[in-house]
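What the coordinates show
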Amino acid sequence: MARWLLGTALVSWRYLWQITPLHRSECLGRVPDDTPPPLPAELHDDRLQTADEGVGSFYHRRFRVEILDAVLGPGALMRRVAGEFQRFVPSEVVGVRIGEQVSGPLKVGDELVVEMPGPWDGPVRVVHAADTCLRLATLRGHLEAGQVEFHAARDGDVLTFEVQAWARPSTRLVRWLYSSVRLAKEAQLNMWVRCCRAAAREAGGHPSNGVVIETRQLPEDVRVQPDTA
């Protein structure tokens, strides 16, 4: 409770006064360009909470930062994400609880809980882990239903870090908070913008021109989760 009260105030203050430029755009999405990747068949069970089990419109969001003067390469940066995930989320209000069976960097099948203020936590499972990419899928009890992916790449002297989220709200209450009052939507934006800024810091560089946020929306009656891989 103390973390929620004090942390939320601190995060809100930092959000209002942050100097990182945010380049936001919103438009209608389309199938299949904005649908999530298929889930591995061996990891698909009753505990997974897929996008088609959510409520309301489906959102594909991308948060991208281009990092100049980075010391780390894509693989080294993503190893830090997989090994020290808690360093990439706002510690004022968000905690990360790793499963007891998890040791070392996150790998496929590992589970963790992103502890958030309010009545929801964020249980997720790793469904893909590669040298430059890490993807998580939501489990029962998460306020969203879908997947989130972290990816790093290099283009010349520029290191790019990107967070992609494919999700629907998990309940009607979350849909109201997300789509109507936009509270959950802005909280998600703040979290992944902070993640992009943390990636630039951990890579030893600095953002070249802020963070680019793209939001593409699909109607609520569209099924988006492809068959398992």
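Brief notes about a nonpolar patch on the surface
There is a patch of nonpolar side chains on the surface, built from L173, W176, V181 and L183 and spanning about 410 Å² of accessible area. Among the structural elements, L183 can be located in helix α4 (residues 183–202).

Observations regarding the sheet that holds strand β7 (residues 144–155)
Pairing within the open sheet is mixed, and its nine strands lie in the order β1-β9-β2-β8-β7-β6-β5-β4-β3. Pairing within the sheet leaves two strands with one partner each, and these edge strands are β1 (22–28) and β3 (95–98). With strand direction ignored, the average angle separating the axes of adjacent strands in the sheet is 20 degrees. Sheet topology places strand β6 (residues 133–138) next to β7; five bridges connect them, and they run antiparallel. Note on β7: the bridge partner recorded for R135 is E149.

Looking at the pattern of salt bridges
Per the counting criterion, the structure on display carries 19 salt bridges. Through salt bridges with shared partners, a single network forms among D45, R47, E111 and R125.

Comments concerning the nonpolar core
If you look at the biggest cluster of nonpolar residues, it comprises 41 residues, and the most contacted ones within it are F85, F150, F161 and V163. Looking at which element gives the most residues to this core, the answer is α4, with nine residues. In this structure, L39, L43, L48 and A137 belong to the second largest nonpolar core, which totals six residues.

Digging into the pairing of strand β9 (residues 206–218)
Where β1 lies against β9, seven bridges are found, and the strand directions are parallel. Considered in β9, the bridge of H23 is made with V212.

Overview of the packing of aromatic side chains
Summed over the entire model, instances satisfying the criterion amount to three aromatic pairs. Between the aromatic rings of Y59 and Y178, the centroid separation amounts to 4.9 Å while the plane-to-plane angle is 50 degrees, which identifies the pairing as tilted. With Y59 in strand β2 (residues 58–68) and Y178 in helix α3 (residues 172–180), the pair connects residues that are 119 residues apart, well separated along the chain. Classification of Y178 as buried rests on a relative accessible area of 4%.

Parameters at a glance
Residues numbered from 1 in each chain as written. Predicted model: local features only at pLDDT ≥ 70, side-chain atom pairs only at ≥ 80, totals over all residues. Heavy atoms only, no water. Patch = residues over 30% accessible without salt bridge, like charges linked within 9 Å, V, L, I, M, F, W, Y side chains within 5 Å. Areas by Shrake-Rupley, 256 points an atom, 1.4 Å probe, with all protein chains shown as cover. Salt bridge = Lys/Arg side-chain N within 4 Å of Asp/Glu carboxyl O. Helix = DSSP H or I, 4+ residues; strand = E, 2+ residues; numbered from the N terminus. Pairing = 2+ DSSP bridges. Axes fitted to C-alpha atoms, helices over the stretch in contact; angles between N-to-C directions. Core = buried A, V, L, I, M, F, W, Y, C linked by side-chain atoms within 4.5 Å. Buried < 20%, exposed > 50% of the residue type's maximum accessible area, 1.4 Å probe, protein only. Phe/Tyr/Trp six-rings, centres within 6.5 Å; stacked < 30°, edge-to-face > 60°.

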